[in-house]
Amino acid sequence: MTHTHPALAPFPVVIEFDIGWSDMDSFDHVSNLEYFRYFQDARLNYIARTGWLDTKRELGLGPILKSTSATYRKPLKYPDHVWVGVRAADVQVDRVTFEHKLVSRSWDAVACEGLATVVSYDYRSECKTALPERVRKVIEELEASIK
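Keep in mind that this is a model prediction, so the values were computed, not measured.

Enquirer: Break down the pattern of salt bridges for me, with residues and values.
Expert: Under the counting rule described, the total for this entry stands at 13 salt bridges. Of the charged contacts in the structure, one is a salt bridge between Arg37 and Glu34, with a shortest N-O distance of 2.7 Å. With Arg37 and Glu34 both in helix α1 (residues 32-50) and three residues apart, this pair spans about one turn of that helix. The class of Glu34 is buried, set by a relative accessible area of 16%. Across the salt bridge formed by Asp41 and Arg37, the nearest N and O atoms sit 3.6 Å from each other. One end of the pair, Asp41, and the other, Arg37, are both in helix α1, four residues apart, so they sit about a helical turn from each other. When its relative accessible area of 32% is taken as the criterion, Arg37 is described as partly exposed. The network of salt bridges with common partners includes Asp23, Glu34, Arg37 and Asp41.

Pasting the structure below:
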């Protein structure tokens, strides 16, 4: 994969967005809620590649968000184009912590970084469960692809 910025080189999944006028808030910059949407869209792209959404449909074993955070480095404004990288920073028996990095074309720099912990959840029993082995394997393959 060709990355658009050196800061995204360690990320196996990178997606891009154009900043929309409606992403702005009354303080004349992109709303903090939008950053979380950008992270979520990138994370779901990653998760879809692992087949984790398929295991939810087939077996009831899917992802559920436990926590999320963001550290804002530079304000985003319309118009701009951003790239969001996501990688599995830590994989445990029943959860994955994803790291996100958002790079702005206008700034030519990282504008925001974030973390999200996603738990493997059994939607039928309504309790956490071990990460499906086939999902774990694809995560390992994705992460190895950038090393």
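Enquirer: Break down the environment of Glu126 for me, citing the residues and quoting the values.
Expert: When you line up the elements, Glu126 lands in the loop between β5 (109-122) and β6 (127-128). Linking Glu126 and Gly60, residues 66 residues apart in sequence, is a C-alpha distance of 9.6 Å.

Enquirer: A description of the nonpolar core should follow, citing residues and the corresponding values.
Expert: Ranked by internal contacts, the top residues of the largest apolar core, which has 28 residues, are Tyr38, Tyr46, Leu76, Phe98 and Leu102. Taken together, the elements giving at least two residues each to this core come down to β1 (13-18), α1, β3 (81-91), β4 (95-104), β5 and α3 (133-144). Ignoring anything within four residues of it in the chain, the contact list for Leu102 reads Tyr35, Tyr38, Phe39, Leu76, Val82, Trp83, Val84, Ala109, Val110, Ala111 and Cys112. Counting six residues, the second largest nonpolar core, distinct from the first, contains Leu8, Phe11, Val103 and Val110.

Enquirer: Go over the packing of aromatic side chains, please, and point to the residues and values.
Expert: Under the defined criterion, the tally for this structure stands at seven aromatic pairs. Ring centres 5.1 Å apart and planes at 35° place the aromatic pair Phe17 and Tyr38 in the tilted group. Linking Phe17 in strand β1 with Tyr38 in helix α1, this pair joins segments that are 21 residues apart in sequence. Given a relative accessible area of 14%, Phe17 falls into the buried group. Aromatic pair Tyr35 and Tyr72: ring centres 4.9 Å apart, planes at 80°, arrangement edge-to-face. Within this pair, whereas Tyr35 is found in helix α1, its partner Tyr72 is found in strand β2 (residues 61-72), the two being separated by 37 residues in sequence. Under the relative-accessibility criterion, Tyr72 is labelled partly exposed at 38%.

About the cut-offs
- Residues numbered from 1 in each chain as written.
- Predicted model: local features only at pLDDT ≥ 70, side-chain atom pairs only at ≥ 80, totals over all residues.
- Heavy atoms only, no water.
- Salt bridge = Lys/Arg side-chain N within 4 Å of Asp/Glu carboxyl O.
- Helix = DSSP H or I, 4+ residues; strand = E, 2+ residues; numbered from the N terminus.
- Buried < 20%, exposed > 50% of the residue type's maximum accessible area, 1.4 Å probe, protein only.
- Core = buried A, V, L, I, M, F, W, Y, C linked by side-chain atoms within 4.5 Å.
- Contact = heavy atoms within 4.5 Å.
- Phe/Tyr/Trp six-rings, centres within 6.5 Å; stacked < 30°, edge-to-face > 60°.

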